[in-house]
Amino acid sequence: MGKHFSRAMIASALAASLAASVGGAAAQDNKAMVVKLATATLNDAQHEWLKRFAAKIEKSTNGRMKAEVYPASQLGAIPRMIEGTQLGSIQIWVGPPEFMVGVDQRFELLSAPGIFKSDAHALKTVADPDFAKAFMALGANKGLIGASLFWTGPYAFDMRAPMRTLADLKGKKIRVLASPFQMEQMTRLGATGVPLSLGDVMPALQQGTLDGALSSVPVFTALQYQAAAKYMTETGHAYIFSEAVFSKRWFDALPADLQATVRQTADETTKEVITWSIKFIEDQHKVWIEKGGEILRLSDAEQAELMAKMRPVGDDIVKTKPELKPLWDLLIAAADKAK
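Cut-offs used in this document
- Residues numbered from 1 in each chain as written.
- Predicted model: local features only at pLDDT ≥ 70, side-chain atom pairs only at ≥ 80, totals over all residues.
- Heavy atoms only, no water.
- Helix = DSSP H or I, 4+ residues; strand = E, 2+ residues; numbered from the N terminus.
- Rg over C-alpha atoms; globule rule 2.2 N^0.38 Å.
- Buried < 20%, exposed > 50% of the residue type's maximum accessible area, 1.4 Å probe, protein only.
- Areas by Shrake-Rupley, 256 points an atom, 1.4 Å probe, with all protein chains shown as cover.
- Lys, Arg positive; Asp, Glu negative; His and termini not counted.
- Charge placed at Lys NZ, Arg CZ, Asp CG, Glu CD.
- Axes fitted to C-alpha atoms, helices over the stretch in contact; angles between N-to-C directions.
- Parallel < 35°, antiparallel > 145°, perpendicular 65-115°, else oblique.
- Left-handed = near helix turned anticlockwise from the far one by under 90°.
- Contact = heavy atoms within 4.5 Å.
- Nonpolar A, V, L, I, M, F, W, Y, C, P; charged D, E, K, R; others polar.
- pLDDT = per-residue confidence, 0-100.
- Salt bridge = Lys/Arg side-chain N within 4 Å of Asp/Glu carboxyl O.
- Pairing = 2+ DSSP bridges.
- Polar contact = N/O pair within 3.5 Å; in protein donor to acceptor, adjacent residues only side chain to side chain.
- Phe/Tyr/Trp six-rings, centres within 6.5 Å; stacked < 30°, edge-to-face > 60°.
- Core = buried A, V, L, I, M, F, W, Y, C linked by side-chain atoms within 4.5 Å.

**Structural notes on the overall build of the chain**
Working step 1: A count of helices and strands for the chain gives twelve helices and nine strands.
Working step 2: A globule of 339 residues ought to have a C-alpha radius of gyration of about 20 Å, and the chain, at 22 Å, matches this closely.
Working step 3: Across its three principal directions, the C-alpha atoms of the chain cover 90 × 40 × 30 Å.
Working step 4: In the chain, buried positions account for 49% of the 339 residues.
Working step 5: Carbon and sulfur atoms make up 56% of the accessible area of the chain, which amounts to about 15,200 Å² in all.
Working step 6: Computing the positive centroid from 39 side-chain charges and the negative centroid from 36, the chain places the two 4 Å apart.

**Concerning the packing of helix α2 (residues 45–60) against helix α10 (residues 256–290)**
Working step 1: Contact geometry of α2 with α10 gives a least axis separation of 9 Å together with a crossing angle of 140°. Judged on the interaxial angle alone, α10 and α2 are oblique. Between α2 and α10 lies a crossing of right-handed hand. Between α2, through A45, E48, W49, R52, F53, K56, I57 and S60, and α10, the contact on the second element is made entirely by T261, V262, T265, A266, E268, T269, T270, E272, V273, W276 and S277.
Working step 2: Among the residues forming the contact of α2 with α10, the class breakdown is eight nonpolar, six polar and five charged.

**Overview of the confidence of the model for the chain**
Working step 1: For the chain, per-residue confidence averages 91 on the pLDDT scale, and residues scoring 70 or more make up 91% of the total.
Working step 2: pLDDT under 50 marks residues 1–29. Its contacts with residues more than four places away, or in other chains, come to 18 contacts.

**Side note on the pattern of salt bridges**
Working step 1: For the coordinates displayed, the defined rule picks out 21 salt bridges.
Working step 2: The closest approach of N and O atoms between K56 and E272, which form a salt bridge, is 2.8 Å. A residue pair is termed long-range when its members are at least 10 positions apart, and K56 in helix α2 and E272 in helix α10 qualify at 216 residues.
Working step 3: What makes E272 partly exposed here is its relative accessible area of 30%.
Working step 4: Here R297 ties to E234 by a salt bridge, and the two come within 3.4 Å at their closest N and O atoms. Of this pair, R297 sits in the loop between β9 (294–296) and α11 (300–320) while E234 is found in strand β8 (residues 231–247), placing the two residues 63 residues apart along the sequence.
Working step 5: We classify E234 as buried; its relative accessible area is 11%.
Working step 6: Taken together, the shared-partner salt bridges in this structure form one network comprising E48, K51, R52, K56 and E272.

**As for the side chain of S215**
Working step 1: Mapped onto the fold, S215 is located in strand β7 (residues 212–215).
Working step 2: Setting aside its immediate chain neighbours within four residues, S215 contacts P154, Y155, A156, F220 and I240.

**Comments concerning the pairing of strand β4 (residues 144–159)**
Working step 1: For β4, the buried fraction is high: 16 of the 16 residues fall into the buried class.
Working step 2: Direction of pairing for β4 relative to β8: antiparallel, over a ladder of 13 bridges. Residue I145 lies in a different strand from β8, and its bridge partner there is F246.
Working step 3: Summarising the sheet, β4 and β7 pair through four bridges and their orientation is antiparallel. Opposite M159, over in β7, you have G212 as the bridge partner.

**Topic: the side chain of T235**
Working step 1: Topologically, T235 is positioned in strand β8.
Working step 2: The class for T235 is buried, based on a relative accessible area of 7%.
Working step 3: There is a polar contact of 2.6 Å between the side chain of T235 and the side chain of H237.
Working step 4: Every residue in contact with T235, bar those within four places of it in the chain, is listed here: Y155, A156, F157, M163, L298, Q303 and L306.

**Digging into the packing of aromatic side chains**
Working step 1: Summed over all chains, the structure comprises twelve aromatic pairs.
Working step 2: With 5.7 Å between their ring centres and 35° between their planes, F220 and Y225 make a pair best called tilted. Y225 shares its class with F220; the two are buried.
Working step 3: Ring centres of W276 and F280 lie 4.6 Å apart, and the angle between their planes is 15°; this geometry places the pair in the stacked category. Here the residue W276 and the residue F280 both occupy positions in helix α10, the gap between them amounting to four residues, near one helical turn.
Working step 4: A connected cluster of aromatic rings, assembled from ring pairs, spans F116, W151, Y239 and F241.

**A few points about the environment of G63**
Working step 1: Position of G63 relative to the elements: it lies in the loop between α2 and β2 (65–70).
Working step 2: Judged by its relative accessible area of 38%, G63 is partly exposed.
Working step 3: For the pair formed by G63 and K31, sequence separation is 32 residues and the distance between their alpha carbons is 8.8 Å.
Working step 4: Other than its neighbours up to four places away in sequence, G63 contacts A32 and E58.

**Things to note about the nonpolar core**
Working step 1: In terms of nonpolar packing, the biggest core is built from 53 residues, with L110 and F241 touching the most fellow members.
Working step 2: For this core, the element with the most residues is helix α12 (residues 325–338), which contributes six residues.
Working step 3: What L110 contacts, discounting residues up to four positions off in sequence, is P97, E98, F116, V126, F131, F135, L149, Y239, F241 and L331.
Working step 4: Counting 25 residues, the second largest nonpolar core, distinct from the first, contains M33, V35, L37 and A45.

Dropping the structure here:
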């Protein structure tokens, strides 16, 4: 009798343990499953996506999931957060896809300049079903599931000295991401691309070892770049995109109903954040000026010349990396359809 009782207790304990462990994130019995959401930035579109997703998922799962939002690299530097998402210690990460180039080189394709003619054109292109399906599939064999793709702003140059023409870039040192798509842009404009972590940019601008930075207005305002480089020329010759990725280990272990809820919540959040981000960009222009920054524009002729110089960059790089070509062709086809 005692022997049967002991086996029953062991079986019961094992069943309870299995039921309470979904992707290592669920607690025992009636405790909520903890979902950690991480990004490197603060008070921008990426952070907004996490906050909105967190509120929605707790409500839509009736408390089965408890979301914890960690902005501003609280869970480590970007490479560490990506690794954590692959391993399942972080459930969702949001950031520019270029940072996942170590997972798959094709993540950097959206850095290519000269493709998008406007905000609407950029958004319509990346929403193309064929391209979106292929892009979201990147990283699936390395523990990542694409969940959401949205833009955080058009490219701009923030400079110590005014940039009113392309000639003003010649000989200048510009901070870029360590991507051939960004490095090559600077080369063709007669400048030098300098890859630096965000934390090193402001001191370099202050000391004059950098002449400017390539990014977007929300980054410039958040990091107070106007104190060292107050001249921003927004060119929109390319866009900064952000992608939300799920941990595959975590997602695959979820029950089917929660998988469906998580995906639906990501879709709803993305639609809201795209609308939010458009207004946010407008507001950040005002913030930049209020803090002492200036906003400059290229003439129509200079803008046309910039786009003409930039458009071949992607084609030329893809010729040297044939593994990029199938997805590149999908991107260009989507951009042509979206015009």
